[in-house]
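Take a look at the letters that make up each chain.
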Amino acid sequence: RRRLAARSRARKFGQADSNRAVIEMYLYMEKVAARTGGAVDPALEALAKKAAFSAHVLTEPERETARTLTEQAADTADRSRSRLGRLAFRYILGLY
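This structure is a prediction, so every number in the text was calculated from the model and none was measured. Every chain is numbered independently, its residues counted from 1 as its sequence is written. Only residues with pLDDT of at least 70 get local features here, since the model is predicted, and only at 80 or more are side-chain atom pairs given and counted; chain-wide, interface and lining totals rely on the full set of residues. To obtain the side-chain values, all non-hydrogen atoms of the structure were included, while hydrogens and water were left out.

1. Looking at the overall build of the chain
Point 1. For the purposes of this entry, the term helix denotes a DSSP run of H or I that reaches at least four residues, the term strand denotes a run of E that reaches at least two, and both are numbered from the N terminus. The helix and strand tally for the chain stands at five helices and zero strands.
Point 2. Listing each helix as α and each strand as β along the chain from the N terminus yields α-α-α-α-α.
Point 3. For the chain, the C-alpha radius of gyration of 13 Å lies close to 12 Å, the compact-globule estimate for 96 residues.
Point 4. Its C-alpha atoms put the chain at 45 × 25 × 20 Å along the principal axes.
Point 5. Every one of the 96 residues in the chain was classed for burial, and the buried ones make up 34%.
Point 6. Taking as baseline every contact in the chain between residues at least 6 positions apart, the subset at least 24 positions apart corresponds to 60%.
Point 7. In the structure as shown, the chain presents an accessible area of about 6000 Å², 55% of it carried by carbon and sulfur atoms.
Point 8. Charge-centre separation for the chain: the mean point of 19 positive side chains lies 10 Å from the mean point of 11 negative side chains. What the globule rule says is 2.2 Å times the number of residues to the power 0.38, and the radius of gyration is computed from C-alpha atoms. Classification of residues uses two cut-offs on accessible area relative to the type maximum, computed with a 1.4 Å probe and protein chains only: under 20% is buried, over 50% is exposed, and between them is partly exposed. In what follows, a contact means two residues having at least one pair of non-hydrogen atoms within 4.5 Å. Here the open area of atoms and residues is found with the Shrake-Rupley method and a 1.4 Å probe, where only the protein chains shown may cover a residue. Only four residue types enter the tally: Lys and Arg on the positive side, Asp and Glu on the negative side; His and the chain ends are excluded. The atoms used to mark charge sites are NZ of Lys, CZ of Arg, CG of Asp and CD of Glu.

Structural data, given as structure tokens:
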């Protein structure tokens, strides 16, 4: 399950459409935030709203910013859990 989830995330985050990729990153972070009790980074939320509601395509630097924010937040969420929590977070839920 973990490998499948990671492969699916890589495919969604790496797609050619930058707007859709950033929206997928935001949706992933919403799932992580819901499971950890945290919140989605406001900068990522702003980029996702721009991707969803703007007629313009996000630039590559904006996409990389979103990816960096997503990876950092997921890593922080993973490290903040207990050993058993990490097991569930990674292998049962497939979120990291």
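2. Some thoughts on the packing of helix α4 (residues 60–79) against helix α5 (residues 83–92)
Point 1. Lines fitted to C-alpha atoms define the axes here, with helix axes fitted over just the stretch in contact, and angles between the N-to-C directions of these axes take values from 0 to 180 degrees. Between α4 and α5, the least distance of the axes is 9 Å, while the angle of their chain directions is 135 degrees. The orientation of α4 relative to α5 falls into the category oblique. Across from A74, A77, D78 and R79 in α4, the residues of α5 making contact are R86, F89 and R90. For classification purposes, angles smaller than 35 degrees are called roughly parallel, those larger than 145 roughly antiparallel, those between 65 and 115 roughly perpendicular, and all remaining angles oblique.

3. Considerations on helix α3 (residues 42–53)
Point 1. Helix span, as expected, comes to 1.5 Å for every residue beyond the first. Between the first and last C-alpha of α3 there are 16 Å, a value that for twelve residues agrees with the 16 Å anticipated at 1.5 Å per step.
Point 2. Among all positions of α3, only L44, L47, A48 and A51 are buried. With its buried residues spanning 100 degrees around the axis, α3 presents them on a single face. Turned more than 90 degrees away from the buried face of α3 sit P42 and F53, all of them exposed.
Point 3. Put simply, D41 is the residue that caps the front of α3, since its side-chain oxygen is 2.7 Å from the backbone nitrogen of A43. Working note: the arc is built from the helix axis to C-beta atom directions. What qualifies as a polar contact is a pair of N or O atoms within 3.5 Å, subject to a donor-acceptor requirement within protein and to the restriction that residues adjacent in sequence count only when both atoms come from side chains.

4. A few points about the packing of aromatic side chains
Two measures describe an aromatic ring pair: the distance that separates the ring centres and the angle between the ring planes.
Point 1. Two aromatic rings, drawn from Phe, Tyr or Trp (for Trp, its six-membered ring), form a pair once their centres lie within 6.5 Å of each other, and the interplanar angle then sorts them: stacked below 30 degrees, edge-to-face above 60, tilted otherwise. Throughout the structure, instances matching the rule amount to one aromatic pair.
Point 2. Seen from their ring centres, F13 and Y28 are 5.8 Å apart, and the 65 degrees between their planes marks the pair as edge-to-face. Here F13, found in helix α1 (residues 2–13), pairs with Y28, found in helix α2 (residues 18–36); they are 15 residues apart in sequence, far enough to count as distant. With respect to burial, F13 and Y28 carry one shared label: buried.

5. Some details on the packing of α1 against α2
Point 1. Packing of α1 against α2 brings their axes to within 8 Å, and their N-to-C directions diverge by 145 degrees. The residues of α2 that touch α1, namely those facing R9, K12 and F13, are A21, E24, M25 and Y28.
Point 2. Residue classes in the contact of α1 with α2 are distributed as four nonpolar, no polar and three charged. Each residue gets one label: Ala, Val, Leu, Ile, Met, Phe, Trp, Tyr, Cys and Pro are nonpolar, Asp, Glu, Lys and Arg are charged, and the others, such as Gly, are polar.

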